[in-house]
Structure formats: C-alpha cells, structure tokens
Amino acid sequence: MSKIILITGVSKGLGHAMAKGFAREGHTVVGCGRNPEALEKLSEALGAPHRFDSVDVSNDQEVAQWIQNVTNNVGVPDLVLNNAAIINHNAPLWEIDSDEFDRVIDINIKGVQNVIRHIVPPMIRKGSGVIVNFSSGWGRSTSPEVAPYCATKWAIEGLTRALAQELPTGLAAIPLNPGVINTDMLQSCFGAGASQFETAEIWAAKAIPFLIELGPKDNGKSLTAP
Ligand SMILES: NC(=O)c1ccc[n+]([C@@H]2O[C@H](COP(=O)([O-])OP(=O)(O)OC[C@H]3O[C@@H](n4cnc5c(N)ncnc54)[C@H](OP(=O)(O)O)[C@@H]3O)[C@@H](O)[C@H]2O)c1
C-alpha cells in the first residue's frame, strides 16, 4: 500500500537516499532541507506527487507553514522521519563556542520538537502514524570531541520514549540508531576513516523495508536499523 512519508533533511546523506528509495517503492515523499539547489534537483529527479521544500527545521514558523501545506495539499503522513541533524566540529566541549553549541541544540532537539508540535495533532485526528526520530550510537554511548552531538542524541532518546507514553493508541514514536554510514556527517567526525563504511544508498536499501513495517507494536522501543 502506498504511504505518505515525510522526511526532514533530504538534500544529502541518509535523508536523500531514503527519499529516492521510498519514491522508487511507490510511496509519496515530502521532504525538506536548507539547500535549495539540492532540493530543486531532487524535485526534478522525482517529480509529482513528491514535494521538497526549503525549510530550516530550527525555524518554527517555517515548519508550521510547511506542515500546513503538506497536510492540505498532500495529506497527513503515515511515517515521519525526523532525520535532519548536524554534528559539531571535533573538539573538547570547553572549546565549542556558544553559537555552535546553540546550532546543534536548535537543529537536533528543537527542530525535532518543531516538527512534532505541528504534525502530531493531524496524526491524532487521523488515528494512525509512526514518528521515527533519528538517534545515534552516540545517543546510547559517548565518545570524546562530540559532546554537543551526544547530548542531543541522548535527548532524542528521552524525548521520544516520553512522547511514546503520551501518544494515543494507533500512533507510535520510535528512537532509531541508523548505524554507521559514510555520509558528510561521518566524514566530519571520522575523517578518511569514514570511507570504510557503507554508502547511504546501500544503507537505505536495507532500512526502507524495515522502516515501512514499523507500527504501534514498536512504540517507545529504542531500535537500531538493520
Ligand atoms: N551517518 C552516520 O553514520 C550516522 C550515525 C548515527 C546517526 N546518524 C543520524 O542520521 C541522520 C542523518 O545523518 P547523515 O549522516 O545523513 O547527515 P548529513 O549527510 O550531514 O545530512 C544531514 C541532512 O540534514 C539536513 N539538515 C541539517 N540541518 C538542517 C536544518 N536546520 N533544517 C533542515 N534540514 C537540515 C541537511 O541538509 P541541509 O544542509 O541542506 O539543510 C542534510 O540533508 C542524522 O540525524 C544523524 O545524526 C547518522
């Protein structure tokens, strides 16, 4: 059955690979990112009924407008993938300036809540839907030099599991560790070592059948992608 899939952060990396993969499987994909050129290219490649909008998830007004447009013109999503995130440049916590720390918190935590605040009421009215919040291995363990990022992903685990306890029957919220994949984000923290990991396209080919099967039975479980 064809579903409506909403994905944040589709301009590159896992979000981009998932957008292409879900569209190929016959689902309708709505996505956002901050890079208008990349979104334009994706729109040209996938065409209607898919839609990709320039939205910064840390900007609540932009998110509100986007979700209203999506629910009015495409429909209420069956699956929401809160994938957009950034990582701090590698450095000990005391060397991260307040602007960079703010950006990581604003996008990785507040951005997820912005989407949830606007998308959950129509999902409740519809009576079904799954929200997957992208966590990380660093949402369940830690490493040096990525403390701001770790803080946000541990927050995602807590936020999502509490949300799961609030949602009515029929809906689900799931924190997902995607694994380790060779994207720009991994290259930022692993450097050249990132190249030994799988590509986003190979990851997405395994993740998509797993994601599409998630449902109320998975509500509140901290999961890891295959
Ligand atoms: N790669 C890994 O090994 C790995 C491991 C564990 C967890 N994760 C998680 O998996 C998710 C995807 O990571 P990735 O590796 O694909 O990262 P990536 O390659 O850096 O891609 C991140 C995506 O998020 C978008 N984005 C960033 N800030 C945004 C904002 N304010 N508003 C809207 N979109 C925004 C980026 O697009 P724009 O720059 O155009 O906005 C981009 O499309 C993240 O949540 C990450 O924490 C990844």
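Everything discussed here concerns the structure shown above.
The present account deals with the structure reproduced in this document. Since the structure is predicted, the reported quantities are computational estimates derived from the model, not experimental observations.

## Some remarks on the overall build of the chain
- The helix and strand inventory of the chain stands at 7 helices and 7 strands.
- For the chain, the N- to C-terminal ordering of α and β elements is β-α-β-α-β-α-β-α-β-α-β-α-α-β.
- What you see for the chain is a C-alpha radius of gyration of 16 Å, in line with the 17 Å of a compact globule of 226 residues.
- Referenced to the eigenvectors of the C-alpha coordinate spread, the extents of the chain come out at roughly 45 × 40 × 35 Å.
- In the chain, buried positions account for 49% of the 226 residues.

## Some details on helix α1 (residues 13-24)
- With 12 residues, α1 ought to run about 16 Å at 1.5 Å a step, and its terminal C-alpha atoms sit 17 Å apart, in line with that.
- Among the 12 residues of α1, 9 are classified as buried, and the element is accordingly described as predominantly covered.
- Of the positions making up α1, those classed as buried are L14, G15, H16, A17, M18, A19, G21, F22 and A23.
- Immediately beyond the C-terminal end of α1, within one or two residues, lies G26, with a positive phi of roughly 95 degrees.

## Notes on the site of the ligand
- The ligand sits among 30 residues. The nearest are S11, R34, N83, Y149 and T183.
- A distance of 3.2 Å is found between an oxygen atom of the ligand and a backbone nitrogen or oxygen belonging to G9.
- One nitrogen or oxygen atom from the side chain of D56 is found 2.8 Å from a nitrogen atom belonging to the ligand.
- Within the complex, the protein chains bury 95% of what would otherwise be the 890 Å² of accessible surface of the ligand.
- In terms of residue count, the dominant contributor to the shell around the ligand is helix α6 (residues 184-190) (3 residues).
- Its residues assigned to classes, the shell around the ligand shows 15 nonpolar, 10 polar and 5 charged.

## Quick notes on unusual backbone geometry
- Geometrically, the link from A48 to P49 is a cis peptide bond, its omega value of 5 degrees lying close to zero.
- Here P49 lies in the loop between α2 (36-46) and β3 (51-54).

## What about the sheet that holds β3?
- Spatial strand order, β3-β2-β1-β4-β5-β6-β7: 7 strands in an open sheet with parallel pairing. Since the sheet does not close on itself, it has two edges, and those belong to β3 and β7 (223-224), each with one partner.
- Direction of pairing for strand β1 (residues 4-8) relative to strand β4 (residues 79-82): parallel, over a ladder of 3 bridges. Bridge pairing links I7 to L81 in β4.
- Lying over the sheet, helix α4 (residues 98-126) contacts β1, β4, β5 (129-134) and β6 (171-177), oriented at roughly 170 degrees with respect to β5.

What counts, and where the lines are drawn
Residues numbered from 1 in each chain as written. Predicted model: local features only at pLDDT ≥ 70, side-chain atom pairs only at ≥ 80, totals over all residues. Heavy atoms only, no water. Helix = DSSP H or I, 4+ residues; strand = E, 2+ residues; numbered from the N terminus. Rg over C-alpha atoms; globule rule 2.2 N^0.38 Å. Buried < 20%, exposed > 50% of the residue type's maximum accessible area, 1.4 Å probe, protein only. Expected span 1.5 Å × (residues − 1). Near = heavy atom within 4 Å. Polar contact = N/O pair within 3.5 Å; in protein donor to acceptor, adjacent residues only side chain to side chain. Areas by Shrake-Rupley, 256 points an atom, 1.4 Å probe, with all protein chains shown as cover. Nonpolar A, V, L, I, M, F, W, Y, C, P; charged D, E, K, R; others polar. Pairing = 2+ DSSP bridges. Contact = heavy atoms within 4.5 Å. Axes fitted to C-alpha atoms, helices over the stretch in contact; angles between N-to-C directions.

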